[in-house]
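Now for the letters of each chain:
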Amino acid sequence: MTPEMLYALRDPAGVPSHPLVFLVLGVLTFALHIAAVQVMLGAATLTLRGAFSPSLHWRRLAQAMLVTAKIAVSVAIVIGVAPLLFVQVVYDPFWYTSNVLSAWWVIGFIVLLILGYIAMYAFYWKNHDIVADGGRGGIWMVLSIALLLAVGFIVHSLTNQMLFPEHWMAWYAPKDVVNPDGHSLHYWHLPRFLFFIALSAPVTGAWLYGYRRYLQGAKETDAAYLGWLRGLAQNLMLIGGVVSVLIGALWMATLPEKMAWFASSVWLLMAVVALAAVVALPLVLRDRIDRGVWGYAIFGAGAVGLIVVGAAREMLRFVTLLGTHGYNAMDYKINMDWYSTGLFFTTFGVVGGVTLAYLLTVAWQAGQSKGLYTPSATVTRIGQWSVGLLIGWTVLYFAVGFFVWAR
Ligand code: HEM
């Protein structure tokens, strides 16, 4: 596949803002997506581990993690859409070819995701009070985790097939016979996939520190449970962190030849340093994690660590496609559209910011207060603003559509 052929596959309309904007947003939203995926997998696994345990602590944790896992699936899906949009804008020749080559799996992805989410709900419906009754129907949770992992594996395969234009023809027409059925996934790299999955352990450990701090804020009286949680969180971060780095080393040792440069790059070094710093943070903070926002800061630091890992992952793609295949994502034709760029950032910052601030504040304060919770006048006003902004956004959306259509 020559660079000219790759460039010919680009959208002739160009992109509506500088390509760097899409690359940066792609990294940031990928980090958020993978963080939600990792919390989802970690919480689901802890639910399965704890629900059937004779230990009251484990069962209590399972009850809480089941709720976390349910919400994390929806967050992972919603935030997964964002990197999907950005990757298909600047890497469209690669992303679409990879998708078309495995079209069945692209559609199957949605079916498996729906089934995986239903299976998690089936477990939830069967378990109203895990603390009192213990778990029931664990097979549903096993099925859910397996299906969600299958979904991640499909995305992993699509993301990697796009990096091998030299194989596309052989995948499309094996032995020169065209086979357009899209039934196969053609490429995967297990150590890379497992690296992102293994990171679920330290990320969930960081999440547990936040959960524990939240309970402390709500005046939790069971000190033994809080102590137990701390030990578990620490083990998940330390042991999980070491296992992830070992799997990451296996990924580096088995990189395809054209990507081997990455194993000795500064990008990889930065990612390893960032991960090590996050894992060491609770050891440095010690008892400060019980004060102020420090208990939450560990997950915040984890999110920053994932942004660094996401940036390194993006450099691996950018440099491979530029160096080996002559495709420069940064020289995409720009057809500057200030309206859509402005609308995007306003939606993200103002509409999203105010609405999320309201929902999170209400959920937060309700969880921290005892008895009936009544939001303050300020919080209620933020809620009214969110509704107003959403109505305004919807009116603007249709108004511009009608204006353009009527012209
Ligand atoms: C719920 C189960 C899911 C799991 C376990 C999962 C897991 C993963 C993993 C492991 C990666 C990294 C792959 C790699 O770099 O090799 C990834 C990337 C990605 N995921 Fe997910 N994912 C899930 C759902 C979704 C959904 C529902 C969407 C879209 C709506 C999505 C969109 C993406 C995108 C666009 C990327 C790659 C972006 C890029 O190439 O830069 N994922 N996911």
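In this text the structure is predicted, and so the values were computed from the model without any measurement.

Visitor: Mind showing me how you'd approach unusual backbone geometry here?
Guide: Phi is mostly negative for residues that are not glycine, and the peptide bonds are mostly trans. Phi is positive for Lys175, which is not a glycine, with a value near 55°. Within the secondary structure, Lys175 sits in the loop between helix 8 (165–172) and helix 9 (190–198). With a relative accessible area of 81%, Lys175 lands in the exposed category. Despite not being glycine, Asp176 shows a phi value in the positive range, around 65°. Relative to the helices and strands, Asp176 resides in the loop between helix 8 and helix 9.

Visitor: Where do I start with the site of the ligand in this structure?
Guide: Taken together, 24 residues lie around the ligand, and His33, His156, Arg192, Arg313 and Arg317 are the ones closest in. Here an oxygen atom of the ligand and a side-chain polar atom of Asn160 are 3.4 Å apart. Arg317 places a side-chain nitrogen or oxygen 2.7 Å from an oxygen atom of the ligand. Of all the elements in the fold, those that place two or more residues in the shell around the ligand are helix 2 (19–51), helix 3 (56–90), helix 5 (103–126), helix 7 (138–161), helix 9 and helix 13 (294–323).

Visitor: Is there a simple way to think about the domain arrangement of the chain in this case?
Guide: Put simply, an interface is often sized by how much accessible area is lost when its parts join up. Taken domain by domain, the chain comprises domain 1 (3–336) and domain 2 (337–407). In this structure, domain 1 and domain 2 have C-alpha centres spaced 27 Å apart. Facing 11 residues of domain 1, the contacting portion of domain 2 comprises 11 residues. Taken together, the links from domain 1 to domain 2 amount to zero salt bridges. Inspection of the region where domain 1 meets domain 2 yields six residue pairs in polar contact (both at pLDDT 80 or more). Of all elements in the fold, only helix 2 and helix 10 (200–217) reach the threshold of two or more residues within the side of domain 1 that touches domain 2.

Visitor: Hey, could you run me through the coordination of the iron atom of the ligand in this one?
Guide: Coordination angles at a metal have ideal targets, namely 109.5 degrees for four tetrahedral donors and 90 or 180 degrees for six octahedral donors. Just one protein ligand coordinates the iron atom of the ligand, and it is His33 (NE2) at 2.2 Å. Position of His33 among the secondary structure elements: in helix 2.

Visitor: Can you walk me through empty space enclosed by the protein in this structure?
Guide: Over the atoms a probe the size of a water molecule is rolled, and this reveals where empty space is left. Following the criterion strictly, the structure yields two cavities of 30 Å³ or more and no others. As for the largest cavity, its lining consists of Thr159, Leu163, Arg192, Arg313, Leu316 and Arg317. Looking at the lining of the largest cavity element by element, the count peaks at three residues for helix 13. Residues belonging to the lining of the largest cavity are distributed by class as follows: two nonpolar, one polar and three charged. Considered as a void within the structure, the second largest cavity measures approximately 30 Å³ in volume. Lining the second largest cavity, in full, are Asn160, Phe164, Tyr187, His189, Arg192, Trp251, Leu255, Pro256, Met259 and Leu316. Among the residues making up the lining of the second largest cavity, the classes are represented as seven nonpolar, two polar and one charged.

Visitor: Honestly, the layout of surface pockets in this entry has me stumped. Any pointers?
Guide: Within this model, the largest pocket holds a volume of roughly 2,000 Å³. Taken together, 39 residues line the largest pocket, and the ones lying closest to its centre are Ile71, Val75, Trp207, Leu356 and Leu360. Of all the secondary structure elements, the ones that give two or more residues to the lining of the largest pocket are helix 2, helix 3, helix 10, helix 13 and helix 14 (338–368). No other element matches the 14 residues that helix 3 contributes to the lining of the largest pocket. Residue assignment places the lining of the largest pocket across two domains, with domain 1 (3–336) and domain 2 (337–407) each supplying three or more. Roughly 930 Å³ of internal volume is contained in the second largest pocket. Along the wall of the second largest pocket there are 44 residues; nearest its centre are His33, Gly80, Phe109, Val155 and Thr159. Elements with a minimum of two residues in the lining of the second largest pocket: helix 2, helix 3, helix 4 (92–101), helix 5, helix 7, helix 9 and helix 13.

Visitor: Where do I start with the packing of aromatic side chains in this structure?
Guide: Two numbers describe a pair of aromatic rings. These are the distance of the centres and the angle of the planes. In the structure shown here, the tally under the stated rule is 27 aromatic pairs. Ring geometry for Phe30 against Phe196: centres 5.9 Å apart, planes inclined by 90°, an arrangement best described as edge-to-face. Of this pair, Phe30 sits in helix 2 while Phe196 sits in helix 9; the two residues are 166 residues apart in sequence, bridging distant segments of the chain. Accessibility classification places Phe30 together with Phe196 in one group, the buried group. With a centroid separation of 5.1 Å and an interplanar angle of 80°, the aromatic rings of Phe344 and Phe345 are classed as edge-to-face.

Quick notes on the rules
Residues numbered from 1 in each chain as written. Predicted model: local features only at pLDDT ≥ 70, side-chain atom pairs only at ≥ 80, totals over all residues. Heavy atoms only, no water. Helix = DSSP H or I, 4+ residues; strand = E, 2+ residues; numbered from the N terminus. Buried < 20%, exposed > 50% of the residue type's maximum accessible area, 1.4 Å probe, protein only. Near = heavy atom within 4 Å. Polar contact = N/O pair within 3.5 Å; in protein donor to acceptor, adjacent residues only side chain to side chain. Domains from an automatic or database assignment. Contact = heavy atoms within 4.5 Å. Salt bridge = Lys/Arg side-chain N within 4 Å of Asp/Glu carboxyl O. Donors = N, O, S within 2.8 Å, 3.2 Å for Na, K, Ca; no water. 1 Å grid on protein atoms, 1.4 Å probe; cavity = no way out; pocket = protein on both sides within 12 Å on 5 of 7 lines; lining within 4 Å. Points joined across faces, edges and corners; volume = space filled by probe spheres on them. Nonpolar A, V, L, I, M, F, W, Y, C, P; charged D, E, K, R; others polar. Phe/Tyr/Trp six-rings, centres within 6.5 Å; stacked < 30°, edge-to-face > 60°.

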